[in-house]
Amino acid sequence: MSPVITDKPEACHRFDANSGGYARFRPHYPGELVRLLVQRIVAVPAAVGALVLDVGCGTGIFTRQLAALLPDTMPILGIEPAARMRELAMAAQSHHRVEYRDGLAEALPVKAEAARAVTAATAAHWFDLPKFFTEAARALVPGGILGIIEYVRDVEHSAAADAIEAFLRREGGPKVYERPDYANKLRTAEAFVLSDMLTHKVTMPLNLEGFIGLALSSSHANAVVAKLGAEATRAALAELGSGLAEPDGTIRYGYHFQLFVAARQ
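This is a predicted model, so every value here is computed, not measured.

What about the sheet that holds strand β6 (residues 192-206)?
Read across the sheet, 7 strands follow the order β3-β2-β1-β4-β5-β7-β6 without closing on themselves; strand pairing throughout is mixed. The open sheet is flanked by β3 (98-101) and β6, the only strands paired with a single partner. Ignoring strand direction, the axes of neighbouring strands in this sheet form an average angle of 20°. Where strand β4 (residues 115-121) lies against strand β5 (residues 140-153), 6 bridges are found, and the strand directions are parallel.

A closer look at the pairing of β3
On β3, burial follows the alternation: V98 and Y100 on one face are buried, whereas E99 and R101 on the facing-out side are not. With 4 bridges connecting them, strand β2 (residues 76-79) and β3 associate as parallel partners. Counterpart to G78 in the pairing with β3 is Y100. For the crossover that starts at β2, traverses helix α5 (residues 83-91) and ends in the parallel β3, the hand is right-handed.

As for the confidence of the model for the chain
Counting all residues, the mean pLDDT for the chain is 92, and 92% of those residues have values of 70 or more. Confidence over residues 1-6 falls short of pLDDT 50; this stretch has 16 contacts with residues more than four positions distant or in other chains.

Digging into the packing of helix α7 (residues 159-172) against helix α11 (residues 230-244)
Here α7 crosses α11 at 155°, and the two axes come no closer than 10 Å. Considering their axes alone, α7 and α11 lie roughly antiparallel with respect to each other. For the pair α7 and α11, the sense of crossing is right-handed. Residues A159, A160, A163, I164 and F167 of α7 lie in contact with α11, whose contacting residues are A236, L237, L240 and L244. Across the contact of α7 with α11, the residue classes tally to 9 nonpolar, no polar and no charged.

Criteria and thresholds
- Residues numbered from 1 in each chain as written.
- Predicted model: local features only at pLDDT ≥ 70, side-chain atom pairs only at ≥ 80, totals over all residues.
- Heavy atoms only, no water.
- Pairing = 2+ DSSP bridges.
- Helix = DSSP H or I, 4+ residues; strand = E, 2+ residues; numbered from the N terminus.
- Axes fitted to C-alpha atoms, helices over the stretch in contact; angles between N-to-C directions.
- Buried < 20%, exposed > 50% of the residue type's maximum accessible area, 1.4 Å probe, protein only.
- Right-handed = clockwise from strand over helix to strand, strands pointing away.
- pLDDT = per-residue confidence, 0-100.
- Contact = heavy atoms within 4.5 Å.
- Parallel < 35°, antiparallel > 145°, perpendicular 65-115°, else oblique.
- Left-handed = near helix turned anticlockwise from the far one by under 90°.
- Nonpolar A, V, L, I, M, F, W, Y, C, P; charged D, E, K, R; others polar.

This is the structure:
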């Protein structure tokens, strides 16, 4: 039987508040990382019909990237507890074999050994990782793949990313989560063997609207808007972005993407 879904975390409400901005402004994942993960998933010796679960799928950005590269014989289930995010994912869906369902990472709504792969794209930092690893191991076939992919602002090499990080910290207060050391967590997880780690740096050329929208899509922007008001927040971000723009108006925004792949023992 599938686990019963318990109370949803406060993070769900953070993202429902600006789900439209998340869908519009958040970046896609580098093809190099997605292709490597897909190669590992395709190689899993699982029965036809074994699911690929994208957990904490949000508006379906990464789910759609997986669907574009995985064989048509592999059904994909996006699991997302935030209702508005899930609605936007379904509205944007164009692949017939993709389904979206309400659910939590710590109580996956599938039977044991129903999946060939479990993925989490810039979502696992919100999970209770020990419980998620236990659930992923339960849901996966032997040898099934757990893939964690994420991006963080490249504050060391991108003045724009550093400026947004400082603005959110100054006006919104400290972060409500810490980025886990996924490599170490997976190395010490009894049910998994870490097989791949890959990093990729990306610089996105943004216009001023994109810069403001990307900043507001952060879960920590809610506290800034609550403090300053929506109009004042946008004005402050516009001033910040204008000061970072190159002569052609482009604002160069850096991200650092990371992929961790592990196999269920």
